[in-house]
Amino acid sequence: MNESDRIYVAGHTGLAGSAICRRLATRGYRNLVTRTHGELDLSQQAAVEAFFREQRPQVVFLAAARVGGIHANDTYAGDFIRDNLLIQTHVIDSAQRHGTRRFVFLGSSCVYPRLAPQPMREEHLLTGPLEPTNEWYAVAKIAGIQTCRAFARQYGFNAISLMPSNLYGPRDNFDLENAHVLPALMRKYHEAKLGLVPEVVLWGSGRPRREFLYVDDLADAAVFLAEQESVGGLINVGVGSDVTIAELASLVRRTVGYDGPERFDAARPDGTPQKLLDTSRLSALGWKPRTTLEEGLRQTYQWFLGHSGHARGYESRRAGG
Ligand SMILES: NC(=O)c1ccc[n+]([C@@H]2O[C@H](COP(=O)([O-])OP(=O)(O)OC[C@H]3O[C@@H](n4cnc5c(N)ncnc54)[C@H](OP(=O)(O)O)[C@@H]3O)[C@@H](O)[C@H]2O)c1
């Protein structure tokens, strides 16, 4: 990648996209192209095509997607599969036809089978049934990976598909209906600390194991991998270790400084029992994460405190909703 390459970051207002923009700027890339969702709806094929015809980005990071936690995935199954299929198909297709030289697709660790051997390796893709609570989203992401692979095979399209573990960090979504587990926990402990709720209710049994990657580390890996232009296919991006949800909860509790009552609501779904990525392919290329979970939580909570008036999904609470 050259510092003057025209680089399009799709989804630059989101958790991952904003971190990728920050990282690109730090690395000296100065020709970034961005469009908000309002300016360019990527589910509209004609609009995406017109954008690529005009801008012809040499490098594309696809971090735009309809994203959410277990509840949102389950409730809005149709929206999740349709929007993600449309967004990725339009962007990959236009990029290929308008000469994009390097393409980075963001998938997710939920593409792997529910009972995949742990830690999950890239070759476990398509070897078993998916976790039902997010299968619509996962099927769309698998289609994106396979579209990149098929385009590489037929057209020589130079794409790499990143499978990050659970991301968290500044600009996360703190809406309890939509949020992933970590920002949801942070908000719950914060509100309990302020006395807005009498106790913290944690979803599920607390036993599932999850891996958490600080979003600035994901962005660092995404730019690093974009620069390795001879590396393609599928690659896991994670920290290589996991914690139970109960352990995560106690770390978040300590970060927020809450010492009141809490309980688990076992009627809520747990999801996949364990999701730990094997990151040996990425390690062999010479990349490793820098941020510990404790440090990442501290930075995320600091950001939340500084932005709680307009953190995504938190505004309604402040407005009395
Ligand atoms: N968060 C995680 O834990 C995690 C884990 C693994 C992988 N990933 C992957 O990382 C990628 C980004 O996730 P994220 O957590 O950064 O999501 P996010 O914070 O929700 O950001 C998504 C971005 O996509 C934009 N967007 C959504 N629909 C769009 C459309 N139709 N047209 C144009 N823009 C649209 C959003 O804009 P608006 O907000 O304005 O709609 C936002 O900028 C996804 O592919 C996801 O699968 C995320």
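Higher on the page you've got the structure.
Let me sum up the structure you'll find in this document. Since the model is a prediction, treat every value here as computed from it, not as a measurement. Along each chain, the written sequence defines residue order, and numbers are assigned to residues from 1. Reporting in this predicted model follows two pLDDT cut-offs: at least 70 for local features of residues, and 80 or more for side-chain atom pairs to be given and counted; totals over whole chains, interfaces and linings ignore these cut-offs and use all residues. As a rule here, side-chain values come from all non-hydrogen atoms in the structure, and water together with hydrogens is ignored.

1. Observations regarding the packing of aromatic side chains
Put simply, two rings from Phe, Tyr or Trp (the six-membered ring, in Trp's case) pair if the centres are within 6.5 Å, and we call them stacked under 30 degrees between planes, edge-to-face over 60, tilted for the rest. Overall, the coordinates contain 12 aromatic pairs when judged by the stated rule. Between Tyr8 and Phe51, the ring centres sit 4.6 Å apart and the planes meet at 55 degrees, which makes this aromatic pair tilted. Highlighted residues: Tyr8 in strand 1 (residues 7-10) and Phe51 in helix 2 (residues 45-55), separated in sequence by 43 residues. The exposure classification of Tyr8 matches that of Phe51, with both residues buried. The helix and strand labels rest on DSSP assignments: H or I over at least four residues marks a helix, E over at least two residues marks a strand, and numbering proceeds from the N terminus. Three exposure classes are used, based on accessible area relative to the maximum for each residue type with a 1.4 Å probe and protein chains only: buried under 20%, partly exposed in between, and exposed over 50%.

2. Quick look at the pairing of strand 5 (residues 159-164)
Where burial is concerned, most of strand 5 is hidden: six out of the six residues are buried. Both faces of strand 5 are covered, namely the face carrying Ala159, Ser161 and Met163 and the face carrying Ile160, Leu162 and Pro164. The pairing criterion for strands is at least two bridges between them, as found by DSSP. Where strand 4 (residues 102-106) lies against strand 5, four bridges are found, and the strand directions are parallel. Its bridge partner lying in strand 5, Val104 is registered against Ile160. In the classification by handedness, the crossover that spans strand 4, the intervening helix 5 (residues 135-155) and the parallel strand 5 is right-handed. As paired elements, strand 5 and strand 10 (residues 233-237) share five bridges and run parallel to each other. Place the viewer so that the strands point away; then a crossover is right-handed whenever the path from the first strand over the helix to the second strand goes clockwise.

3. A few points about helix 10 (residues 293-307)
Over its 15 residues, helix 10 extends 21 Å from the first C-alpha to the last, a length consistent with the 21 Å expected when each residue adds 1.5 Å. Turning to helix 10, its buried residues number three or more, namely Leu293, Gly296, Leu297, Thr300, Tyr301, Trp303 and Phe304. Looking straight down helix 10, one finds its buried side chains confined to an arc of 160 degrees; they lie on one side. Along helix 10, exposed side chains directed more than 90 degrees from the buried face belong to Gln302 and Gly306. Two residues qualify as a contact provided that any one of their heavy atoms is within 4.5 Å of a heavy atom in the partner residue. Packed against the buried residues of helix 10 are strand 6 (166-168), helix 6 (181-193), strand 9 (212-214), strand 11 (243-244) and helix 8 (245-256). To estimate the expected span of a helix, count its residues, drop one, and scale the result by 1.5 Å. The directions considered for the arc run from the helix axis to the C-beta atoms.

4. Quick look at the environment of Ala150
You can see Ala150 is positioned in helix 5. Residue classification places Ala150 among the partly exposed positions, given a relative accessible area of 39%. In this structure, the C-alpha to C-alpha distance between Ala150 and Ser165, residues 15 residues apart in sequence, is 24 Å.

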